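Overview (structure and organization)
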Amino acid sequence: MKFMIPFLIAMLPVASIAQSQSGASSRVPSVAIPKTTGVLVIQTAKQGVTPQQVMAVIPAEIRATVELYLDGKIREWYSRGDGKGVVFLVDAKTEDEARAIMETLPLAKEQLMDHEYVPVGPLMPLRALMGPGAQQ
């Protein structure tokens, strides 16, 4: 048990490389590709959009975002540390599902924001801790 933390720390670079590559285009076994359990959505204002344009829509955006959170479609949301937008963790199994959720928001309807979608899932090296037979 005392070796678990050093093992996980040592495996993080491997996990990030394995998770950033598709199983088909690399030699990473398919068990290294996690099942998508959420989609990280990074939202920034489109080039040329003014803060005033965004602020005009913000009251409706906040209400709609809270509704999605209360409906369980948005798990978490954060302001970016650089002040350039927000980050959502959307409860979706695919990028398309997350996109459909995000397109319901007023800022997206007004086409004021750009969105980047990043599927996320469990940290796969944790399976190694489960022992033989857990790789299924």
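As shown above, the structure is provided for reference.
Quick summary incoming for the structure in this document. (Residues numbered from 1 in each chain as written. Predicted model: local features only at pLDDT ≥ 70, side-chain atom pairs only at ≥ 80, totals over all residues. Heavy atoms only, no water.)

What about the pattern of salt bridges?
Note the following rule: Only one rule defines a salt bridge in this text: a Lys or Arg side-chain nitrogen within 4 Å of an Asp or Glu carboxyl oxygen. Each helix is a run of DSSP H or I of at least 4 residues and each strand a run of E of at least 2, with the numbering of both proceeding from the N terminus. Accessibility here uses a 1.4 Å probe with only protein chains present; expressed as a share of the type maximum, an area under 20% marks a residue as buried, one over 50% as exposed, and anything in between as partly exposed.
Following the criterion strictly, the structure yields 3 salt bridges and no others. With a closest N to O distance of 3.0 Å, Asp-91 and Arg-75 form a salt bridge. With Asp-91 in the loop between strand S3 (85-90) and helix H3 (95-102) and Arg-75 in strand S2 (residues 74-79), this pair connects stretches of sequence that are 16 residues apart. Owing to a relative accessible area of 35%, Arg-75 belongs among the partly exposed residues under this scheme.

As for unusual backbone geometry
At Gln-111, a residue that is not glycine, the phi angle is positive and equals roughly 55 degrees. Structurally, Gln-111 can be placed in the loop between helix H4 (106-109) and strand S4 (113-120).

Looking at the nonpolar core
In a soluble, globular protein the nonpolar side chains are often hidden away together inside. The test is simple: Remark: nonpolar core denotes a set of buried residues (Ala, Val, Leu, Ile, Met, Phe, Trp, Tyr, Cys) joined through side-chain atoms within 4.5 Å. In this analysis, two residues are considered to be in contact whenever any of their non-hydrogen atoms come within 4.5 Å of each other.
Of all hydrophobic cores here, the largest spans 12 residues; its members are Val-39, Val-41, Leu-68, Ile-74, Phe-88, Val-90, Ala-92, Ala-98, Ile-101, Met-102, Leu-105 and Tyr-117. Elements represented by at least two residues in this core include exactly strand S1 (38-45), S3 and H3. Counting residues per element, this core draws most heavily on H3, at 3 residues. Ignoring any residue separated from it by four or fewer positions in sequence, one finds Leu-68 in contact with Lys-73, Ile-74, Ile-101, Thr-104 and Leu-105. Core analysis: the second largest hydrophobic core is formed by 6 residues, Val-49, Val-54, Val-57 and Leu-112 among them.

Description of the environment of Thr-94
We count it as follows: A 3.5 Å cut-off defines polar contacts: any pair of N or O atoms within that distance qualifies, except that in protein one atom must be a possible hydrogen donor and the other a possible acceptor, and neighbouring residues in sequence count only when both atoms are side-chain atoms.
Secondary-structure assignment places Thr-94 in the loop between S3 and H3. Linking Thr-94 and Val-120, residues 26 residues apart in sequence, is a C-alpha distance of 9.5 Å. In this structure the side chain of Thr-94 is engaged in a polar contact, spanning 3.0 Å, whose partner is the backbone nitrogen of Glu-97.

Section: helix H2 (residues 51-70)
Let me state the cut-off plainly: By definition here, a helix of n residues has an expected span of 1.5 Å times n minus one. Here the bend at a residue means the angle between the axes of two seven-residue stretches, the one that ends at it and the one that starts at it.
Between the first and last C-alpha of H2 there are 27 Å, a value that for 20 residues agrees with the 28 Å anticipated at 1.5 Å per step. Remark: the principal bend of H2, roughly 50 degrees, maps to Ile-58, with a proline, Pro-59, within the next four residues. The set of residues buried in H2 consists of Val-54, Val-57, Glu-61, Thr-65 and Leu-68. Those residues of H2 that are buried are in contact with S1, S2, S3, H3 and H4. Taken from the residues just after H2, Gly-72 is the one with a positive phi, measuring 80 degrees.

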